[in-house]
Amino acid sequence: MEDRRAFLRFLSASPLYAGLPLAGAALSQTPDALVDKAGDALDVFDLEKVAHRNIPPAHWGYLMTGVDAEETLRANHEAYGRYQLRTRRLVDVSKLDMGIDLFGTRYASPIFLCPVGGQRSFQAEGELAVARAAKGRNTLQVLSTVSSTGVEDVIKAREAPIWYQLYTSSDLDVAMKLVARAERAGCSAVAVTVDLPAGRNTETAMRLARTDTRQCTACHAATGSQFFTRPMYQGIDGSRLSNTSPALTWDFIRRLRDHTKMKVLVKGLETGEDAALAVKYGADGVMVSNHGGRATETGRATLECLPEVVAAVRGRVPVLVDGGVRRGTDALKALALGATAVGIGRPYIWGLGAFGQPGVERTLDLLNNELRLAMAGVGARSVREITPAALIRKA
Ligand SMILES: Cc1cc2nc3c(=O)[nH]c(=O)nc-3n(C[C@H](O)[C@H](O)[C@H](O)COP(=O)(O)O)c2cc1C
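Residues numbered from 1 in each chain as written. Predicted model: local features only at pLDDT ≥ 70, side-chain atom pairs only at ≥ 80, totals over all residues. Heavy atoms only, no water.

Points about the site of the ligand
To keep things clear, this is the line we draw: For each residue, the test is whether any non-hydrogen atom lies within 4 Å of the molecule or strand; if one does, the residue is near. Polar contacts, as counted here, are pairs of nitrogen or oxygen atoms within 3.5 Å of one another; within protein the pair requires one atom able to donate a hydrogen and one able to accept it, and residues that are adjacent in sequence qualify only if both atoms are side-chain atoms. Note on areas: these come from Shrake-Rupley sampling with a 1.4 Å probe, and a residue is covered only by the protein chains present in the view.
Near the ligand you find 24 residues, and of these Pro115, Ser144, Thr193, Arg326 and Gly345 are the closest. In this structure, a nitrogen atom belonging to the ligand sits 3.2 Å away from a side-chain N or O atom of His291. A distance of 2.8 Å separates an oxygen atom of the ligand from a polar side-chain atom of Arg326. When the ligand is considered free in solution it has 610 Å² of accessible area, and contact with the protein chains removes 99% of it.

Observations concerning the nonpolar core
Taken as a class, soluble globular proteins show a tendency for nonpolar side chains to be buried jointly. To be explicit about the condition: As used here, the term nonpolar core means buried Ala, Val, Leu, Ile, Met, Phe, Trp, Tyr and Cys residues forming a set that is joined through side-chain atoms within 4.5 Å. Relative accessibility under 20% of the residue-type maximum defines a buried residue, over 50% an exposed one, and the middle range a partly exposed one, all with a 1.4 Å probe and only protein chains included. For helices the rule is a DSSP run of H or I covering at least 4 residues; for strands it is a run of E covering at least 2, with both sets numbered from the N terminus onward. Boundaries of every domain are those given by an automatic assignment or by a domain database. Should any heavy atoms of two residues lie within 4.5 Å, those residues are counted as being in contact.
Of all hydrophobic cores here, the largest spans 115 residues; its most connected members are Trp163, Leu166 and Leu306. Top element by residues in this core is helix H15 (residues 357-377). It accounts for seven residues. Among the domains, domain 1 (2-54) and domain 2 (57-215 + 243-393) are the pair contributing at least three residues each to this core. Once residues within four sequence positions are removed from consideration, Trp163 is found in contact with Leu102, Phe103, Tyr107, Leu140, Gln141, Val142, Leu143, Cys187, Ser188, Ala189, Leu265 and Leu320.

Let's talk about the packing of helix H4 (residues 57-64) against helix H14 (residues 346-355)
Axes are the key here: two packed helices are described by the angle between their axes and the distance separating the axes. Quick reminder of the rule: Every axis corresponds to a line fitted to the C-alpha atoms, with the helix fit spanning only the stretch in contact, and the corresponding angles, defined between N-to-C directions, vary from 0 to 180 degrees. For classification, angles of less than 35 degrees are called roughly parallel, those exceeding 145 degrees roughly antiparallel, those between 65 and 115 degrees roughly perpendicular, and all remaining angles oblique. For this classification, Asp, Glu, Lys and Arg are treated as charged, while Ala, Val, Leu, Ile, Met, Phe, Trp, Tyr, Cys and Pro are nonpolar and the rest, including Gly, are polar.
At a minimum axis distance of 10 Å, the contact between H4 and H14 shows a crossing angle of 155 degrees. On the basis of their axis angle, the class for H4 and H14 is roughly antiparallel. Contact residues: Trp60, Leu63 and Met64 in H4; Arg346, Ile349 and Trp350 in H14. Residue composition of the contact of H4 with H14, by class: five nonpolar, no polar and one charged.

A short note on the state of the cysteines
Definition in use: Cysteine sulfur atoms that pair up within 2.5 Å are treated as a disulfide.
By the definition in use, this model includes zero disulfides. Of all cysteine sulfurs, the one in Cys114 lies closest to Cys305, which takes part in no disulfide; the gap is 15 Å. Cys305 gets classed as buried once you look at its relative accessible area, which sits at 0%.

Looking at the side chain of Arg294
Quick note on the threshold: For this count, His and the chain ends are skipped, Lys and Arg are scored as positive, and Asp and Glu as negative. We define a salt bridge as a contact between a side-chain nitrogen of Lys or Arg and a carboxyl oxygen of Asp or Glu at a distance within 4 Å.
Along the chain, the position of Arg294 falls in the loop between strand S9 (285-288) and helix H12 (302-313). No salt bridge is formed by the buried Arg294; the nearest opposite charge belongs to Glu70, separated by 7.7 Å. Beyond its immediate sequence surroundings of up to four residues, Arg294 is in contact with Tyr62, Leu63, Met64, Thr65, Gly66, Val67, Leu196, Arg200 and Arg346.

Section: the domain arrangement of the protein
As far as domains go, the protein holds domain 1 (2-54) and domain 2 (57-215 + 243-393). In this structure, domain 1 and domain 2 have C-alpha centres spaced 28 Å apart. The interface is formed by 19 residues belonging to domain 1 together with 19 residues belonging to domain 2. The tally of links from domain 1 across to domain 2 stands at one salt bridge. Salt-bridge contacts for Arg327 lead to Asp43; the nearest nitrogen and oxygen are separated by 3.2 Å. Here domain 1 and domain 2 share seven residue pairs in polar contact (both at pLDDT 80 or more) between them. Along the lines of polarity and charge, the residues of the side of domain 1 that touches domain 2 split into 11 nonpolar, four polar and four charged.

Focus on the pairing of S9
The two faces of the sheet receive side chains in turn, since in a regular strand these alternate between them. Definition in use: The pairing criterion for strands is at least two bridges between them, as found by DSSP. Every crossover in which the path from the first strand over the helix to the second runs clockwise, viewed with the strands pointing away from the viewer, is termed right-handed.
Judged by which residues are buried, S9 turns out to be covered on both faces: Gly285 and Met287 on one side and Val286 and Val288 on the other are all buried. Both strand S8 (residues 263-269) and S9 contribute to a ladder of four bridges, which runs parallel. Looking across to S9, one finds that Leu265 is bridged to Gly285. What joins S8 to S9 is helix H11 (residues 272-280), and the crossover it makes is right-handed. Inspection of the sheet shows S9 paired to strand S10 (residues 319-322) by three bridges, in the parallel sense. Each residue of the ladder has a partner; that of Val288, found in S10, is Val321.

Some words on H15
Definition in use: A helix is expected to reach a length of 1.5 Å times the quantity of its residues less one.
If you check H15, its first and last C-alpha atoms are 30 Å apart, about what 21 residues at 1.5 Å a residue would give, namely 30 Å. Burial analysis of H15 places 15 of its 21 residues in the buried class, which makes it a mostly covered element. Immediately downstream of H15, the backbone of Gly379 shows phi near 70 degrees, a positive value.

Here it is in structure tokens:
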């Protein structure tokens, strides 16, 4: 045993393994074993396995579900496999700068944390643990309207401005009240999600909920998971609200733009036409997203949508993208196709569900390290230097 440990120590000290996260730890695990601390996870899938063990079935279903037959969910990640990297050698990559500027704020990495609702259903500290991890890694955090912690407390834990994701409802004045509260709390941007005009069919969530033997009404209102009982709706009578807004149109974006000093982004766009309209109606940024395959079952990956959005926007505003990013190389591919920043949803919730704050930190460290290695491999010394020349599309 001692010999084996000495060998592992030797291995992890070897320059060949430099930069790899705890090379020795991999060998100390049998292939299927669950890691027992965040630092032992070698990729985000190690965290996924532990989160799966920890999170009750109904909540796991909510996390992992797509819609209908989940073709869009699968397409999101598979699209990354259609591109390969073109390496460049003998570039001095000894000083890599992975930082980005977004609306005048500097972040350590182009990888950011997407809004994910109800994070205390994955781990007791929920959004606060995520905020502390985001602070530790100087990462952009976007808070959901249906968070399980109010925006004021999350900003306090983050100790810096975050972005607020807005779900409108059937009453747009309520939406404006939420925006005003987020602004008062210190958010620097609001991202209005527009990809769920009429609800959705989340079969996996419903199937797994049936297998959960816990008493849901102990935490959820008896009639189901009612959005207006969440902290952001405090002081608002939501009992007659519907959580979809099928009548929403572009005028709302202009109204929002006039209503707030925060930056306004539109989240959930997939076409060049809509991206051009977003800019026309005053948006300061667009987010290419299909809600992680949880909105319209288009079958189309966000990575496939990105080039037409980038072309339509013509550099006038930042273009963010999310969906299916599971490796640093995925992030690099999206950046090469013109994204300003790249969002992750499920991977950091795996970290949260597995180990709380250290798990979210580990998710960021793993993906950022993979991105760093990919940047060095394609000879990009900064995010700006990641260009389409770094990619080749598979024949
Ligand atoms: C469990 C879960 C909850 C989500 N909640 C929200 C939300 O409240 N608001 C929102 O705009 N998007 C929400 N999303 C979508 C994410 O912001 C993001 O678009 C998506 O997760 C990215 O895909 P990925 O999970 O494959 O990384 C949610 C996604 C998941 C998985």
